[in-house]
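Residue-level listing of the chains:
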Amino acid sequence: MAPEAPTSVRRTTRSTVTGTGGRTASLFLVPFFTLFAVAIIAPVVYSIVLSFYTQQKSGLGFGEAKTVFVGLENYAQVFASESFVGGILRLGLYCLIYIPLMVGGAIVFALLLDATVAKARKLFQLLVFLPHAVPGVIAALIWAYLYTPGISPLVQALESGGIQINFLDANMVLPAIVNIGVWEWTGYNVIIIFTALQAVPREILEAARVDGAGDIRIAMGIKMPMILPALSVIMLFTIIGTLQLFTEPTILAKATPSITSSWVPNMWAYDAAFIRHDLNQAAAASIIIAGLAALLSLLVTRLSSRMNKS
């Protein structure tokens, strides 16, 4: 048998291998971090810098525009805008309606999937997930067609049944957009929750059934507590995605005057940048939206951590 290498040699060899592996891993990570810095970090930093400046023209406004440092003035003007604040309040109402409906529906569908037979489960998974496969712009165009009076088969069917409803009316357009969001994203979250349910040990479920627990009690007392981490992730990404609401109201704005150019904060920032050509206020509005998303994400993360520990 060959003699064993000295301890110092083994340590040196192990350190050499570890160091080589670390350098190799770093080389593979360089493209990711380079792209991340160029596509994410640099635009954010530039937006922050841009939000502290404004363009001013001398004289009667015909002179050359000069870039002037104004500090937090752009932020003050954004918060002073009634349309921006109204958009935030409208977005908050959207969240209060959309998140419970979408997440609650996803939980119910996932629990039903977990309780069905294999054949029906696969078919139901496909049917539920299909709406998410439709791009957001296409989905908004489809529903805009279904909402428009005079051409919509849905509206005509309701009218034939004696139901008069205008989905694009000022009082109905918010629920109409909520419906689009629920239709788009419920299936995606069903798959996430269903995958988490599959990881629940079947021995625990069988033991609960032996003890006389029914399906509802098992679902609420065993399955739901064990999938809280998955629900936390869903809530986190749902809140972040909801704050970015833009595509659906922008598409529907072409079909109804009820949706203005500043209906939600992202539309306000878009209008400021590309219609009013005020990139500085648009940058300030974008940073405010990002800060709101970060704050809500932190709150959801901490609340989820407490719930998971308990």
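Just above sits the structure.
These numbers come from a predicted model, not from an experiment. (Residues numbered from 1 in each chain as written. Predicted model: local features only at pLDDT ≥ 70, side-chain atom pairs only at ≥ 80, totals over all residues. Heavy atoms only, no water.)

Trainee: Tell me about the overall build of the protein, residues and numbers included.
Mentor: Across its full length, the protein holds 13 helices and two strands. Considering the protein as a whole, with its 310 residues, one finds that 33% of them fall into the buried category. In the protein, the share of contacts with a sequence separation of at least 24, taken over all contacts with a separation of at least 6, comes to 64%. (Helix = DSSP H or I, 4+ residues; strand = E, 2+ residues; numbered from the N terminus. Buried < 20%, exposed > 50% of the residue type's maximum accessible area, 1.4 Å probe, protein only. Contact = heavy atoms within 4.5 Å.)

Trainee: An account of a nonpolar patch on the surface is requested, with residue identities and associated values reported.
Mentor: On the surface, Leu29, Phe32, Phe33, Phe36, Ile40, Ile41, Val44, Val45, Ile48 and Val49 cluster together to form a nonpolar patch covering roughly 860 Å² of accessible area. For leucine 29, the location among the structural elements is in helix 1 (residues 7–50). (Patch = residues over 30% accessible without salt bridge, like charges linked within 9 Å, V, L, I, M, F, W, Y side chains within 5 Å. Areas by Shrake-Rupley, 256 points an atom, 1.4 Å probe, with all protein chains shown as cover. Salt bridge = Lys/Arg side-chain N within 4 Å of Asp/Glu carboxyl O.)

Trainee: Account for the nonpolar core, naming residues and giving values.
Mentor: One finds Tyr94, Tyr147, Ile177, Ile193, Ile227, Leu252 and Trp263 to be the most contacted residues of the largest nonpolar core, which totals 54 residues. Elements supplying a minimum of two residues to this core: helix 3 (82–115), helix 5 (136–147), helix 7 (173–198), helix 8 (202–210), helix 9 (215–226), helix 10 (228–243) and helix 13 (279–309). The residues touching tyrosine 94, leaving out its near neighbours within four places in the chain, are Ile99, Leu174, Ile177, Val178, Gly181, Thr242 and Leu245. Residues Val78, Ala269, Ala282 and Ala285 belong to the second largest nonpolar core, which totals eleven residues. (Core = buried A, V, L, I, M, F, W, Y, C linked by side-chain atoms within 4.5 Å.)

Trainee: Quick one: what's the story with the packing of aromatic side chains, residue by residue and with numbers?
Mentor: A full pass over the atoms with the stated rule returns 14 aromatic pairs. Residues tyrosine 53 and phenylalanine 69 carry aromatic rings whose centres are separated by 5.4 Å and whose planes lie at 75° to one another, so their mutual orientation is edge-to-face. Of this pair, tyrosine 53 sits in strand 1 (residues 53–57) while phenylalanine 69 is found in strand 2 (residues 65–69), placing the two residues 16 residues apart along the sequence. Look at tyrosine 53 and you get partly exposed, because its relative accessible area is 29%. Looking at phenylalanine 69, the relative accessible area reads 54%, which means it is exposed. Between the aromatic rings of tryptophan 143 and tyrosine 147, the centroid separation amounts to 5.5 Å while the plane-to-plane angle is 40°, which identifies the pairing as tilted. Separated by four residues within a single helix, tryptophan 143 and tyrosine 147 lie in helix 5, roughly one turn from each other. (Phe/Tyr/Trp six-rings, centres within 6.5 Å; stacked < 30°, edge-to-face > 60°.)

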